[in-house]
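Tertiary structure, described
Listed here are the chains, written in short residue letters.
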Amino acid sequence: MIAKVSSGKDTAGLIRYLFDTKKAKDHTDPHLVASWDGFAPDPGRTDDFTATKRLLVADLDMRVKQARRLGRASERHVWHCSLRAATTDRHLSDEEWADIARRVVAATGIAPQDDPDGCRWVAVRHAPDHIHIAATKVRGDLSTARHWNDYLTADRELATIEKEYGLFQVVRGDRTAAKRPTRAEQEKARRQGQDKPARERLRTIVRTAVAATTSTEEFIRLLNHTDGVLVEVVHFPSGDIRGYKVASEDTTTADKEPVWFSGSELAPDLSFPKFRARLEAVGPQPTIQPGRRRPNPWHQATAATERIPHHLTRNDDRASQAHLAAFGEALDALPLLVPAAIRAQLREAASAFERATRSRIQAEHHHAHALRGAVRAMLREPAPRDGTALAMFLDAAVLVAIAAARWHQLRHHDQQVAAAQQTLLHLQAAYDQAAAAPLTALGKRRPPQQTVDRHIHHIRRAVPEHAEQVLADPAIDALTAALAKAEALGHNPEQLLKQAAGQRALDDARSPAGTLAWRMQRFSARPAPSAHARAAQARNASRPKRAPAQSAGSRSSRGLAPAPVTSTTTLITTAQAAWG
């Protein structure tokens, strides 16, 4: 059951709307189900509607007029709360709705239980699935009602009511969700033939721009060159940037100004101070040494993504929140980099995970600089052609969605859990689509049976607890091909398998052989160790372990080299294609 609370200054106007059956087609049989004393006049159950409505408004406003004579009444003296049941709930009786209304006005402080000075209120039912509570916020002693945090107190009471009445239990949030489009915004979008209201479309564009840019100036340039988007930068008297506003050109008419949204109105984490803090967390990337090969940013991003589940198991919630936010940025940027066929699924994944990137826990963004830097480097290099890099990243991303749902669940972040679970569905669908061709192509390079048998022996030794599951996976041919390639490049297949299995548990992998194949592909791209290094590895392997060694992926993340920076115009062109 959902509550919506608002304030107003026209008692008569609210009552007229609640009992209207002409303009509001969904209002059927409007009538009172409860009131402050049980004897309020009911315009819906009388032959003289107009006179009874006036009498009801006068009764509700009586204390307001008395308080105004003393200069006490607020101009916005009307309290309005709508309560709506889920579409799957049974139809409640008038008596049940009356009980719910009394409990809500008591919980919110409008009319506390057994308080003779409580505010005057009525509950109107004009549809089977919801009621409206209209009250005036002046108490019997002519003081203003104490109804602070009325939405939260109403919501807590409704959670109890849902359990007691056996109703659908709504997933509740922590007030960090982005503001939903108003009914007027939704209707305007429908009239204009838009699939989403301007607020939601602008939120997607701004989030993608944040994920793609490395400075405030580049962010503003990108938005300024985006068709259909208006940008206004707000400055302090000193000239420093104070904030920004965006609008959709389709909200502008000949006689009306555009409808502007500040960053914080789009989403809490898109306010200018929070957006700037995330940009600062990217940090400058180290320069590459002469003669050394530039690391592949897709491999860097995949390695950083693979480590996120491990970070989420630690007892540093602020760092964990930062990694989730950075992963959300990676999903926001991904539609800019992928073929059109898979873009829709990844847009949906990014849109769903947006809710999982925020909670009451304040993120310390510097913890996630590796992934942020890699994502921005990816955007400034040509996209891979064969889809292998994308499949590698999505394979790691699936596990992050699973780990994110668990992390939020332990902290009772119900809305974030649902968002992560929805993200998982889209990521799995995107992975299945992206991985099909690369896995098939890799599997066609399956080595001779004698080599396959040797690598099966390596698999049994390296991952004994998952060996049967890996060998039964249809992607086993792709894995043996990847192992053969790594061996031909001078790598130790068994050593790489152990390293791969150590970086990610295979329990959650839908295709453990595919997961290992992607990792073999990435590891074999690195230079093979020399004979001296292999001898040292063998000696170290025979010694007792004293402390966990830092993963190769972690070492490589610190060595992320800056990608060649393309012009903002190139980035804008890519963004335009992804945003449609």
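Attention here is on the structure that accompanies the text.

Conventions used here
Residues numbered from 1 in each chain as written. Predicted model: local features only at pLDDT ≥ 70, side-chain atom pairs only at ≥ 80, totals over all residues. Heavy atoms only, no water. Helix = DSSP H or I, 4+ residues; strand = E, 2+ residues; numbered from the N terminus. Buried < 20%, exposed > 50% of the residue type's maximum accessible area, 1.4 Å probe, protein only. Contact = heavy atoms within 4.5 Å. Areas by Shrake-Rupley, 256 points an atom, 1.4 Å probe, with all protein chains shown as cover. Core = buried A, V, L, I, M, F, W, Y, C linked by side-chain atoms within 4.5 Å. Pairing = 2+ DSSP bridges. Polar contact = N/O pair within 3.5 Å; in protein donor to acceptor, adjacent residues only side chain to side chain. Axes fitted to C-alpha atoms, helices over the stretch in contact; angles between N-to-C directions. Salt bridge = Lys/Arg side-chain N within 4 Å of Asp/Glu carboxyl O.

**Here we look at the overall build of the protein chain**
A tally of regular secondary structure across the protein chain gives 24 helices and eight strands. Counting the 580 residues in the protein chain, one finds 52% classified as buried. By sequence separation, contacts in the protein chain at least 24 residues apart represent 73% of the contacts at least 6 residues apart. Carbon and sulfur atoms provide 51% of the accessible area of the protein chain, an area that totals close to 28600 Å².

**What to know about the nonpolar core**
Ranked by size, the top nonpolar core spans 79 residues in total, and within it Phe327, Leu334, Leu394, Leu427, Ile459, Leu479 and Met520 carry the most contacts. In terms of residue count, helix α15 (residues 388-410) provides more of this core than any other element does, 15 residues in total. If near-sequence neighbours (up to four positions away) are discounted, Leu394 is found in contact with Leu334, Ile342, Leu346, Leu427, Ala430, Tyr431 and Ala434. Residues Ala3, Ala101, Ile131 and Leu158 belong to the second largest nonpolar core, which totals 29 residues.

**Things to note about the pairing of strand β6 (residues 229-235)**
Looking along a regular strand, one sees the side chains alternate between the two faces of the sheet. Of the strand pairs in this sheet, β6 and strand β7 (residues 241-248) are connected by seven bridges, and their pairing is antiparallel. Across the sheet, residue Val234 finds its bridge partner in β7, namely Gly243. Once β6 ends, the chain turns through five residues before running back antiparallel as β7, passing Gly239 with a positive phi of about 100°.

**Topic: the side chain of Glu494**
Its location among the elements puts Glu494 in helix α20 (residues 493-503). Within the structure, Glu494 has its side chain in polar contact with the side chain of Arg461 (distance 3.0 Å).

**Digging into the sheet that holds strand β5 (residues 130-136)**
Here we have five strands laid out as an open sheet, ordered β1-β3-β5-β4-β2, and antiparallel in their pairing. Edge positions in the sheet fall to β1 (2-8) and β2 (31-35), since each of these pairs with one other strand and no more. Here the average twist between neighbouring strands, direction ignored, is 20°. Alignment of β2 against strand β4 (residues 121-127), held across four bridges, turns out to be antiparallel. When the sheet's bridge partners are listed, Ala34 is paired in β4 with Ala123. Where helix α1 (residues 11-18) meets the sheet, it contacts β3 (78-84), β4 and β5, and its direction lies at approximately 165° from that of β5.

**Some thoughts on the pattern of salt bridges**
If charged atoms from side chains of opposite charge come close, those side chains can pair. Applying the stated criterion to the full structure yields 33 salt bridges. Between Asp269 and Arg358 there is a salt bridge; the shortest N-O distance is 3.1 Å. Taken together, the residues span a long stretch of sequence, with Asp269 in the loop between α8 (263-266) and α9 (272-280) and Arg358 in the loop between α13 (340-353) and α14 (369-378) at a distance of 89 residues. Via salt bridges that share partners, Arg207, Asp269, Arg278, Glu329, Asp332, Glu354, Arg358, Arg372 and Arg376 belong to a single interconnected network.

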